[in-house]
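A structural walkthrough
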Amino acid sequence: MRIGELADVVGVTTRTVRHYHHQGLLPEPERLANGYRTYTLRHVVVLARIRRLTELGLGLAEVRDVLADEAGKDLPEVLEELDADLARQEAAIRERRVRLRALLEAEGGLPAEGPVSPELAELFAGMGDVSDSPMALRDREMLALLESTMAPEDRKELLATLRGALGSPEAMARAHAAYALLDELADAGVDDPRVAEAARVLADCLPVELLPEAEDVGPVPDSGGGFLGALYADFAPGQAEAIRQAMEIASRRRRS
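Note that this is a predicted model, so its numbers are computed, not measured.

1. Quick notes on the overall build of the chain
Summing up its helical and strand segments, the chain has 12 helices and zero strands in all. The order of helices and strands in the chain, counted from the N terminus, is α-α-α-α-α-α-α-α-α-α-α-α. For the chain, the residues scored as buried account for 34% of the 256 residues in total. Sequence separation of 24 or more characterises 62% of the internal contacts of the chain that already satisfy a separation of 6 or more. Carbon together with sulfur atoms contributes 53% to the accessible area of the chain, which is approximately 15400 Å² in total.

Structural data, given as structure tokens:
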């Protein structure tokens, strides 16, 4: 078959075929006596394999390594690998659809923070309406951020800890009280007399499993202090100090 026929069979362009030749991924075909290049079934299989691998997210260097590992395999083995790739992709699509369906069917609908796990969405739903509390909304944003950046095992542990700490109406009431006190510190400085009370109430809400074991949490870092500094910089000085003091109180309780 000619290059155009090969490209049509696999669903790529002739330019793509030539690019794969240039990259050394697809062997050059033999030329007939009339000078035309003729492609075989082996070329079809290899080109289809390259397309599947790139669609799965592999770079061309990775594709080259995979093809090199398969050198010498019989055609049935290569076809079995292609079939296995399709099966894995089908399983991944089914898993994604299950997760999407769980989000769409979650009680209360999707949270304002965007797609989160069903477990975190359930936790958010249990918080009730927090639209009038900037601090509660920030807390939810931070939890959504942590869930999206943590390793799967750490994310599972985080969610289990949060459910244990906030899974009762009494615990949620304490959290709302802490949010309210922190909201009142929106324009407060570190010396505001309300800081200590907000810290005490917030400390009662913090899951001790998530706190550092250090003896002193330390001062509030400045905005150049990495992620933690950026986090504190998002709060008013009084709020940041209340959070620091709350972590210090809860950390002392953990050590006692």
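2. Focus: the packing of helix 9 (residues 169–183) against helix 10 (residues 194–203)
Put simply, helix 9 and helix 10 touch, their axes get as near as 9 Å, and they point 155 degrees apart. Here helix 9 is positioned roughly antiparallel relative to helix 10, judged by the angle of their axes. For helix 9 against helix 10, the interelement crossing comes out left-handed. Taken together, the residues of helix 10 that come into contact with helix 9 (itself represented by R174, A177, A178, L181 and L182) are E197, A198, V201 and L202.

3. Overview of helix 6 (residues 118–126)
Restricting attention to buried positions, one finds in helix 6 the residues L120, A121, L123 and F124. Along the axis of helix 6, the buried positions cluster into a sector of 160 degrees, meaning they face one direction only. The inward-facing, buried residues of helix 6 abut helix 7 (134–149) and helix 8 (152–166). Among the residues trailing helix 6, G128 stands out with phi positive, at a value near 75 degrees.

4. Description of the nonpolar core
In this structure, L120, M127, Y179, L182, L185, L202 and A242 are the most contacted members of the largest nonpolar core, which totals 36 residues. If one sorts the elements of this core by residue count, helix 10 sits on top with six residues. Counting 17 residues, the second-largest nonpolar core is a separate cluster that includes L26, V46, I50 and V63.

5. With respect to the pattern of salt bridges
Inspection of every chain in the model, using the stated rule, returns nine salt bridges. Of the charged contacts in the structure, one is a salt bridge between E28 and R37, with a shortest N-O distance of 2.8 Å. E28 sits in the partly exposed class, given a relative accessible area of 48%. For R52, the salt bridge identified is with E55, shortest N-O distance 2.4 Å. Taken as a pair, R52 and E55 lie in helix 3 (residues 41–55) at a separation of three residues, close to a single helical turn. The partly exposed category is assigned to E55, whose relative accessible area is 41%. Several salt bridges converge on common partners, so that one network encompasses E241, R244, E248 and R252.

6. Some thoughts on the packing of aromatic side chains
Tallied over the entire structure, the rule returns zero aromatic pairs. The residue whose ring lies beneath R2 is Y36, and the NZ or CZ to ring-centre distance is 4.0 Å.

7. Focus: the packing of helix 6 against helix 8
With their axes 10 Å apart at the nearest point, helix 6 and helix 8 run at an angle of 20 degrees to one another. Between helix 6 and helix 8, the angle is such that the two are roughly parallel. Crossing of helix 6 over helix 8 shows left-handed handedness. Between helix 6, through E119, L120 and L123, and helix 8, the contact on the second element is made entirely by L159, L162, R163 and L166. The residue inventory of the contact of helix 6 with helix 8, partitioned by class, reads five nonpolar, no polar and two charged.

8. Brief notes about the environment of P27
The topology assignment puts P27 in the loop between helix 2 (14–22) and helix 3. Between the C-alpha atom of P27 and that of V46, which follows or precedes it by 19 residues, the distance is 8.8 Å. Contacts of P27, omitting those with residues within four sequence positions, involve H21, H43 and V46.

9. What about the environment of A242?
With respect to the element layout, A242 can be found in helix 12 (residues 237–255). A242 sits in the buried class, given a relative accessible area of 0%. In the structure, A242 is positioned 52 residues away from V190 in sequence and 8.0 Å away in space, judged by C-alpha atoms. Those residues within four positions of A242 in sequence are excluded, and the remaining contacts are L182, L185, V195, A198, A199 and L202.

Conventions and cut-offs
- Residues numbered from 1 in each chain as written.
- Predicted model: local features only at pLDDT ≥ 70, side-chain atom pairs only at ≥ 80, totals over all residues.
- Heavy atoms only, no water.
- Helix = DSSP H or I, 4+ residues; strand = E, 2+ residues; numbered from the N terminus.
- Buried < 20%, exposed > 50% of the residue type's maximum accessible area, 1.4 Å probe, protein only.
- Contact = heavy atoms within 4.5 Å.
- Areas by Shrake-Rupley, 256 points an atom, 1.4 Å probe, with all protein chains shown as cover.
- Axes fitted to C-alpha atoms, helices over the stretch in contact; angles between N-to-C directions.
- Parallel < 35°, antiparallel > 145°, perpendicular 65-115°, else oblique.
- Left-handed = near helix turned anticlockwise from the far one by under 90°.
- Arc of directions from axis to C-beta.
- Core = buried A, V, L, I, M, F, W, Y, C linked by side-chain atoms within 4.5 Å.
- Salt bridge = Lys/Arg side-chain N within 4 Å of Asp/Glu carboxyl O.
- Phe/Tyr/Trp six-rings, centres within 6.5 Å; stacked < 30°, edge-to-face > 60°.
- Lys NZ or Arg CZ within 6 Å of the ring centre and 35° of its normal.
- Nonpolar A, V, L, I, M, F, W, Y, C, P; charged D, E, K, R; others polar.

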